[in-house]
Amino acid sequence: RCSSGSRERERKESLEKEIKCVWEREREREKEREREKDNRDRDRKKDTIQYATIHNLVDQNSTIIFDDDGSGEIADVVSIKADIENRKLDIFFYHCKYSHGRNPGSRIADLYEVCGQAEKSIMWNGNIVELIKRMIFRENQRKTNFDDTRIELGDIELLYAIEKMVKSGFETELKIAIVQPGVSIAKISSEMNQLLLATDSYLKETYSLDLTCYFSE
């Protein structure tokens, strides 16, 4: 008769095997996904800030790259990088906004919304399982409503595998960035700097998170 400890070990071993199986299958399908991604890239608008963020800022060695732009978004872009050996998941939120003017400058309006989104999004740090479930839901919703995908790299099976990784005890680390090409680093005003410092302090004081900013020169 198995003890509760034995049953728990068996459950964890079974879960680990399932994760590894999905992971190995994913690697075998990597070339196929790349071809599909190339086809999507040809059809997707290339003048969006989300596209520029995905192709210029996001680590292309990520496990998942997810374009979540739209109403109810987690962030404009979410990427997840899984380290199976060290049982760790690095999760990145990129909050992006278009400029309110033609040229980069010191318009505080270019920061208000994106800083607010960065502050609001830290709620997900408290429940990563719900974060992954939300991504799965929004991917299925996009498929059903538009026969399209939000996943730029990876697939929904990997999202399910990542959900199981979180449940099995993988360490998670959330990182948050704002992307606003309408802001010129050289022209940041004291008012803009105060807003950025307030957002950075909020992230640090709440969950010890750092804020990364991507601006124009």
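Look above for the structure.
The shown structure was predicted, so the numbers you read here are calculated from the model rather than taken from an experiment.

Remarks on the overall build of the chain
Moving on, step 1. Helix and strand counts for the chain stand at seven helices and six strands.
Moving on, step 2. Counting helices and strands in the order they occur from the N terminus, the chain gives α-α-α-β-β-β-α-α-β-α-β-α-β.
Moving on, step 3. Within the chain, buried positions represent 45% of all 217 residues.
Moving on, step 4. If you sum the accessible surface of the chain, you get close to 12200 Å²; carbon and sulfur atoms cover 46% of it.

Things to note about the sheet that holds strand β4 (residues 151–153)
Moving on, step 1. Strands sit in the order β4-β1-β2-β3-β5-β6 across an open sheet of six strands; the sheet is mixed. Edge positions in the sheet fall to β4 and β6 (211–216), since each of these pairs with one other strand and no more. The mean inter-strand angle of the sheet, taken between neighbouring strand axes irrespective of direction, is 20°.
Moving on, step 2. By the bridge criterion, nine bridges tie strand β3 (residues 88–96) to strand β5 (residues 171–184) in an arrangement that is parallel. Bridge pairing in β5 places I91 opposite L174.

A short note on the nonpolar core
Moving on, step 1. Ranked by internal contacts, the top residues of the largest apolar core, which has 46 residues, are F93, L111 and M135.
Moving on, step 2. If near-sequence neighbours (up to four positions away) are discounted, F93 is found in contact with I74, A75, V77, V78, S121, W124, L131, L174, K175, I176 and A177.
Moving on, step 3. Of all hydrophobic cores here, the second largest spans 10 residues; its members include I49, I54, I65 and Y94.

A closer look at unusual backbone geometry
Moving on, step 1. One non-glycine residue, D147, adopts positive backbone phi at about 50°.
Moving on, step 2. Within the secondary structure layout, D147 lies in the loop between α5 (128–146) and β4.
Moving on, step 3. A positive phi angle, close to 60°, is found at S208, a residue other than glycine.
Moving on, step 4. Here S208 is to be found in the loop between α7 (190–207) and β6.

Notes on the packing of aromatic side chains
Moving on, step 1. Taken as a whole, this structure holds one aromatic pair when the rule is applied.
Moving on, step 2. Between the aromatic rings of F92 and Y94, the centroid separation amounts to 6.5 Å while the plane-to-plane angle is 20°, which identifies the pairing as stacked.
Moving on, step 3. Take F92: its relative accessible area is 22%, and that puts it in the partly exposed class.

With respect to α5
Each α-helix turn comprises 3.6 residues. Residues three or four places apart therefore point the same way.
Moving on, step 1. Helix length check: α5 (19 residues) gives 27 Å between terminal C-alpha atoms against 27 Å at 1.5 Å per residue, within 8%.
Moving on, step 2. Within the span of α5, buried status applies to I128, V129, L131, I132, M135, I136, R138, E139 and R142.
Moving on, step 3. Where α5 is buried, its residues contact β1 (64–67), β2 (77–83), β3, β4, α6 (156–167) and β5.
Moving on, step 4. D147 sits one or two positions beyond α5 and adopts a positive phi of about 50°.

A short note on the side chain of E163
Moving on, step 1. Mapping E163 onto the fold places it in helix α6.
Moving on, step 2. Under the relative-accessibility criterion, E163 is labelled buried at 10%.
Moving on, step 3. Those residues in contact with E163 that sit more than four places away from it in its chain are V129, I132, K133 and I136.

Describing the side chain of T53
Moving on, step 1. With respect to the helices, strands and loops of the structure, T53 is situated in helix α3 (residues 49–56).
Moving on, step 2. Taking the relative accessible area as the measure of exposure, T53 reaches 1% and is therefore buried.

A short note on the pattern of salt bridges
Moving on, step 1. One pass over the structure, following the stated rule, counts 12 salt bridges.
Moving on, step 2. One salt bridge in this structure joins R138 and D68, with 2.4 Å as the shortest N-O distance. Of this pair, R138 sits in helix α5 while D68 sits in the loop between β1 and β2; the two residues are 70 residues apart in sequence, bridging distant segments of the chain.
Moving on, step 3. Its relative accessible area of 0% is what places D68 among the buried residues.
Moving on, step 4. Through salt bridges with shared partners, one network takes in D68, R138 and R150.

Rules used throughout
- Residues numbered from 1 in each chain as written.
- Predicted model: local features only at pLDDT ≥ 70, side-chain atom pairs only at ≥ 80, totals over all residues.
- Heavy atoms only, no water.
- Helix = DSSP H or I, 4+ residues; strand = E, 2+ residues; numbered from the N terminus.
- Buried < 20%, exposed > 50% of the residue type's maximum accessible area, 1.4 Å probe, protein only.
- Areas by Shrake-Rupley, 256 points an atom, 1.4 Å probe, with all protein chains shown as cover.
- Pairing = 2+ DSSP bridges.
- Axes fitted to C-alpha atoms, helices over the stretch in contact; angles between N-to-C directions.
- Core = buried A, V, L, I, M, F, W, Y, C linked by side-chain atoms within 4.5 Å.
- Contact = heavy atoms within 4.5 Å.
- Phe/Tyr/Trp six-rings, centres within 6.5 Å; stacked < 30°, edge-to-face > 60°.
- Expected span 1.5 Å × (residues − 1).
- Salt bridge = Lys/Arg side-chain N within 4 Å of Asp/Glu carboxyl O.

These figures come from the coordinates and say nothing about function on their own.
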